Structure formats: structure tokens, C-alpha cells
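# Secondary and tertiary structure notes
This is what each chain is made of:
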Amino acid sequence: MFLIEELTYIKRLGGLTNLNFLVAHKGRKYVLRFPAHEFEDIINRQHEKENQQIAAEIGVTVGNVVFTDDGIKMTPYYDATAHLTRDLIVTPEYLEKVADVLSTLHSSKREFTNRFMYWEEVEKYKSALTEIPSIYVLLEERMRKLMQGERQDYVSCHMDSVTSNFIQNDAKQLLLIDWEYSANYLPEWDLAAFILERELNEEQEQLLLGYYGLLASSKKSLDLQKLKLDFLWSLWSLVKEKEDPSYEKYTSMRTERLIENLEQYYRLYGHE
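Here the structure is a predicted model, which means the values were calculated and not measured. (Residues numbered from 1 in each chain as written. Predicted model: local features only at pLDDT ≥ 70, side-chain atom pairs only at ≥ 80, totals over all residues. Heavy atoms only, no water.)

Right, let's talk about the sheet that holds strand β4 (residues 66-67) for a bit. With respect to topology, five strands assemble into an open sheet ordered β1-β2-β3-β5-β4, the strand pairing being antiparallel. Each of the sheet's edge strands pairs with one partner strand only, and the pair in question is β1 (8-13) and β4. When β4 meets strand β5 (residues 73-76), the two strands line up antiparallel, connected through two bridges. Each bridged residue has a counterpart across the sheet, and for Val66 the counterpart in β5 is Met74. (Pairing = 2+ DSSP bridges. Helix = DSSP H or I, 4+ residues; strand = E, 2+ residues; numbered from the N terminus.)

This paragraph deals with the packing of aromatic side chains. The geometry of an aromatic ring pair comes down to the distance between the two centres and the angle between the two planes. Enumeration over the complete set of coordinates arrives at 16 aromatic pairs. Here Tyr118 and Trp119 contribute two aromatic rings whose centre-to-centre distance is 5.0 Å and whose plane-to-plane angle is 85°, an arrangement assigned as edge-to-face. Per residue, the accessibility class of Tyr118 equals that of Trp119, and both read buried. Measuring from centroid to centroid gives 5.6 Å for Tyr181 and Trp233, while their planes differ by 80°, and the two rings are edge-to-face. Of this pair, Tyr181 sits in the loop between β8 (174-176) and β9 (183-185) while Trp233 is found in helix α7 (residues 219-241), placing the two residues 52 residues apart along the sequence. For Tyr181, a relative accessible area of 14% corresponds to the buried category. Trp233 sits in the buried class, given a relative accessible area of 9%. Ring pairing ties together the aromatic residues Phe116, Tyr118, Trp119, Tyr154, Tyr185, Trp189 and Phe231, which thus form one cluster. A cation sits over an aromatic face here: Arg12 above Phe21, 5.8 Å from the ring centre. For Lys97, the ring lying beneath its charged end belongs to Tyr94, and the centroid distance is 4.3 Å. (Phe/Tyr/Trp six-rings, centres within 6.5 Å; stacked < 30°, edge-to-face > 60°. Buried < 20%, exposed > 50% of the residue type's maximum accessible area, 1.4 Å probe, protein only. Lys NZ or Arg CZ within 6 Å of the ring centre and 35° of its normal.)

Moving on: the pattern of salt bridges. On inspection of all chains with the given rule, the structure shows 25 salt bridges. Residue Lys126 is joined to Glu140 by a salt bridge in which the shortest nitrogen-to-oxygen separation is 2.9 Å. Taken together, the residues span a long stretch of sequence, with Lys126 in helix α3 (residues 118-127) and Glu140 in helix α4 (residues 134-146) at a distance of 14 residues. For Lys226, the salt bridge goes to Asp223, with nearest N and O atoms at 3.8 Å. Taken together, the residues Lys226 and Asp223, both in helix α7 and three residues apart, mark about one turn of the helix. Lys226 sits in the buried class, given a relative accessible area of 11%. Counted as one network, the salt bridges with shared partners bring together Arg33, Arg45, Glu48, Lys73, Asp178 and Glu180. (Salt bridge = Lys/Arg side-chain N within 4 Å of Asp/Glu carboxyl O.)

Moving on: a nonpolar patch on the surface. A grouping of Ile135, Leu138 and Ile259 is seen on the molecular surface, where their side chains present a nonpolar patch of about 210 Å² in accessible area. Take Leu138: it is sitting in helix α4. For Leu138, a relative accessible area of 38% corresponds to the partly exposed category. (Patch = residues over 30% accessible without salt bridge, like charges linked within 9 Å, V, L, I, M, F, W, Y side chains within 5 Å. Areas by Shrake-Rupley, 256 points an atom, 1.4 Å probe, with all protein chains shown as cover.)

In this section: the side chain of Asn114. Examined against the element boundaries, Asn114 turns out to sit in the loop between α2 (92-106) and α3. Here the side chain of Asn114 touches Asn51 through a polar contact of 2.8 Å, side chain to side chain. Within the structure, Asn114 has its side chain in polar contact with the backbone oxygen of Ser182 (distance 3.1 Å). (Polar contact = N/O pair within 3.5 Å; in protein donor to acceptor, adjacent residues only side chain to side chain.)

For the rest of this paragraph, the subject is the pairing of strand β3 (residues 28-35). Bridge analysis of strand β2 (residues 18-25) against β3 gives eight bridges, and the strand direction is antiparallel. If you follow Ala24 over to β3, its bridge partner there is Lys29. Between β2 and β3, which follow one another and run antiparallel, lie two residues, and Lys26 among them has a positive phi close to 50°.

Further remarks concern the nonpolar core. If you look at the biggest cluster of nonpolar residues, it comprises 65 residues, and the most contacted ones within it are Tyr118, Phe166, Tyr185, Leu208 and Phe231. Take this core: its biggest share by element is eleven residues, from α7. Ranked by size, the runner-up nonpolar core spans six residues in total, among them Phe21, Val23, Tyr30 and Leu32. (Core = buried A, V, L, I, M, F, W, Y, C linked by side-chain atoms within 4.5 Å.)

Turning next to the side chain of Thr75. Within the secondary structure layout, Thr75 lies in strand β5. In contact with Thr75, not counting residues within four places along its chain, are Tyr30, Val31, Gln52, Val62, Gly63, Asn64 and Val65. (Contact = heavy atoms within 4.5 Å.)

A separate point is the environment of His158. Summarising the element assignment, His158 is placed in the loop between β6 (155-157) and β7 (166-168). Placed 102 residues apart in sequence, His158 and Glu260 show a C-alpha to C-alpha distance of 26 Å. The residues touching His158, leaving out its near neighbours within four places in the chain, are Leu105, Asn165, Leu176, Ile177, Asp178, Trp179, Tyr181, Ser182 and Asp190. A polar contact of 2.8 Å, which involves the side chain of His158, links it to the backbone oxygen of Ile177. In this structure the side chain of His158 is engaged in a polar contact, spanning 2.9 Å, whose partner is the backbone oxygen of Asp178.

Remember, this is a structural readout, not a statement about activity or role.
Written out as C-alpha cells, the structure is:
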């Protein structure tokens, strides 16, 4: 039993879709998460809870101390995480750790409780918008053509494997947190998410893929996942702009990169 009055507040932590706080209880530190209300129709908290439990059994995340039906969650906090900087995580040592976490998850043979349905997710964000800019209508047409016939040998995936969702415990073991979007899907998605968000250069990307052991035949799928990620998160950012205009810069960044990478994809693989 954790009584709220027994928690000692320490500080507010970062987070795009939740309110996160570092708190203390009887000498131990925890992260207390309150879900953002505007995403409750998009995020299934029961799937998150069940998938995180599976991931904990696999050994790639922490266990929950508290997880309520409405998504309030408390997990252990490790001081070593404060030293896991954006510069450190792209060193060869940590790129190997990132690859190992993702490979362990993807090769576990454990299935999550839900399957990621890309176009259903797109429609969720579109339905939250009163108007869809014409550029996204055109981009959606192109994405649908590129995804025709895409393979469906899915595995358990984190689906939001960005830098801020990696932590390290006191033994400096790398772990993944925040399983809100987790689902069974293509493993290249998780690799692409990390590559894009951390903006890896060519050498760093090749190191990561080498440590992971990505087959050369999967490179086209990896490049396609990059396009799909930028399209989906551009729409997500458009939704966020409704309440916070400062997201406009983030929306523009992802959209511009999508257009640039789309042209590169055509040059490499053609339009079919």
C-alpha cells in the first residue's frame, strides 16, 4: 500500500504524453506517472499494463509498483539513469546495449496482447483533427501504395523506442520504459524509431544495425518504417498543436524529413 501522503515530492520529470514526477517513499525513489487526458481515447492502458508485465518477464524493463485501471503508474527510479545522456547513448558501447535490448525483445517468442494496426492509428489521429492539411492527404496516398503487400511476420515491439524511453539500472543494464504504444509489429519499426529520434549518422546507424544483426534483406523494410514513423508522428503532433502551438516546429521537422526521405526511398527502390 502506497499512501499519497507518504510520498515525498522531489521534482518534475520530462514527458510528452504524461505528467511524470520523481518521488520518494521510505527512502526509495520512484517515477510517478499521471496519464495525459487528451490521449485516453488513443492509448489502451490495459494493453500497456499487460505488455509491460510480459516485457518485465523477458527482462527488458522494470516491474510496476503501482498500476491503476486509469493509468496512474509508479515504477522504480535508478540514479544511474541520470548519467544516460543523449551523447552517451550513441557511443559504440551503448549502441550495442540498445541493439541487445531490442534484439532480446524481438527474439523472445513472447506475444503481446495486441497487434499494431498502422492505418487504424492514422485514423485515430485524423479523427482528432477538424481539418487535414492537403499535404498529408497526398502523403497518405503515397504511403498506402508503398505499404501494399508489406510482410506481416510480427513480433513483440516497444513501438516508441526513443532515447528518453531507455533507462539504466544500478548495474548499468539498459532497459526500456513507457509501453503505452507497445504491440506486435515489424521489428524494424523499433530500430527505425531510435535511429530517427536520435538522428544517428550513417556510421552510428550501421553500428547499431550490425550489433542487432539486421539482415541486408530487411534494409528496405527499415527505410519504409522510417517513412511510416514520420507520417504517423506528424499527425500526432498536429493533434498536439491544437492545445499547444509550440508543437508546430516539431510537426514541420518530421514532415520535411518525411518528404526528403520519401524521395530518397524512390531513388533507391523505385515507386512500386
